Amino acid sequence: VQLVESGGGLVQPGGSLRLSCAASGFTFSSYVMSWYRQAPGKERELVAIIGSAGGNTNYAPSVKGRFTISRDNAKSTVYLQMNSLKPEDTAVYYCKTRAPLSRNDYWGQGTQVTVSS
C-alpha cells in the first residue's frame with residue numbers, strides 16, 4: 001500500500017488549495033479513504049472521509065461547508081478541495097486508508113498547508 005499526497009503550499013487567508021492523494025498497491029475502489037491533519041502541538045484529527053463508491057462523505061465541523069472530499073476510482077486518487085482557508089487550517093495534511101479485513105491503517109507522508117498573509 002502506498003499513498004502519496006501532493007498539492008500543499010502557502011496560501012493567503014481566504015484562498016483555496018486542492019490536495020491530491022495517489023494510491024497504489026491495493027484495490028482502491030473497495031476502500032474508504034480519509035484526510036487527517038495535524039497542527040503543531042496538537043493531535044492528529046479527522047478532516048473528511050469518503051466511502052468507497054464516493055457517495056457517502058462526512059466532515060469535521062470546523063471544515064464543513066469549506067472543504068470537499070472527492071475521489072476518482074479510475075485514477076486511484078482522492079482529493080480534498082479546500083476553500084475559504086483560515087490560519088487555523090495550517091497543518092500537515094495526511095491521506096489515510098484502512099484495510100477492511102486486517103483493519104491495518106495506512107498513511108501517506110503528509111503535505112504541509114500553511115495559511116498566512
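All values reported here derive from a predicted model rather than from experimental measurement.

A. Quick look at the overall build of the chain. Each helix and strand counted, the chain has zero helices and 11 strands in total. Listing every helix and strand of the chain by position from the N terminus yields β-β-β-β-β-β-β-β-β-β-β. For 117 residues, the compact-globule estimate of 2.2 N^0.38 gives 13 Å, and the C-alpha radius of gyration of the chain, at 13 Å, lies within 12% of that figure. Considered along the principal axes of its C-alpha atoms, the chain spans approximately 45 × 25 × 25 Å.

B. Region of interest: the state of the cysteines. Enumeration according to the criterion identifies one disulfide in this entry. What pairs with Cys21 in a disulfide is Cys95, and their sulfur atoms sit 2.2 Å apart. Across the disulfide from Cys21 to Cys95, rotation about the S-S bond amounts to roughly -80 degrees, and the bridge is consequently left-handed. Of this pair, Cys21 sits in strand β3 (residues 17-24) while Cys95 sits in strand β9 (residues 91-98), placing them 74 residues apart in sequence. Classification of Cys21 as buried rests on a relative accessible area of 0%. Accessibility expressed as a relative area gives 0% for Cys95, which makes it buried.

C. The nonpolar core, seen in detail. By size, the foremost hydrophobic cluster in this structure holds 30 residues, and its most contacted members are Met33, Trp35, Val78, Leu80, Met82 and Tyr93. Every element with two or more residues in this core is listed here: β3, β4 (33-38), β5 (45-50), β7 (67-72), β8 (77-82), β9 and β11 (111-115). Tallying contributions element by element places β3 first for this core, with four residues. With near-sequence residues (within four places) excluded, Leu80 lies in contact with Leu17, Arg18, Leu19, Trp35, Val47, Ala48, Phe67, Thr68, Ile69 and Tyr93.

The rules behind the values
Residues numbered from 1 in each chain as written. Predicted model: local features only at pLDDT ≥ 70, side-chain atom pairs only at ≥ 80, totals over all residues. Heavy atoms only, no water. Helix = DSSP H or I, 4+ residues; strand = E, 2+ residues; numbered from the N terminus. Rg over C-alpha atoms; globule rule 2.2 N^0.38 Å. Disulfide = S-S within 2.5 Å. Buried < 20%, exposed > 50% of the residue type's maximum accessible area, 1.4 Å probe, protein only. Core = buried A, V, L, I, M, F, W, Y, C linked by side-chain atoms within 4.5 Å. Contact = heavy atoms within 4.5 Å.

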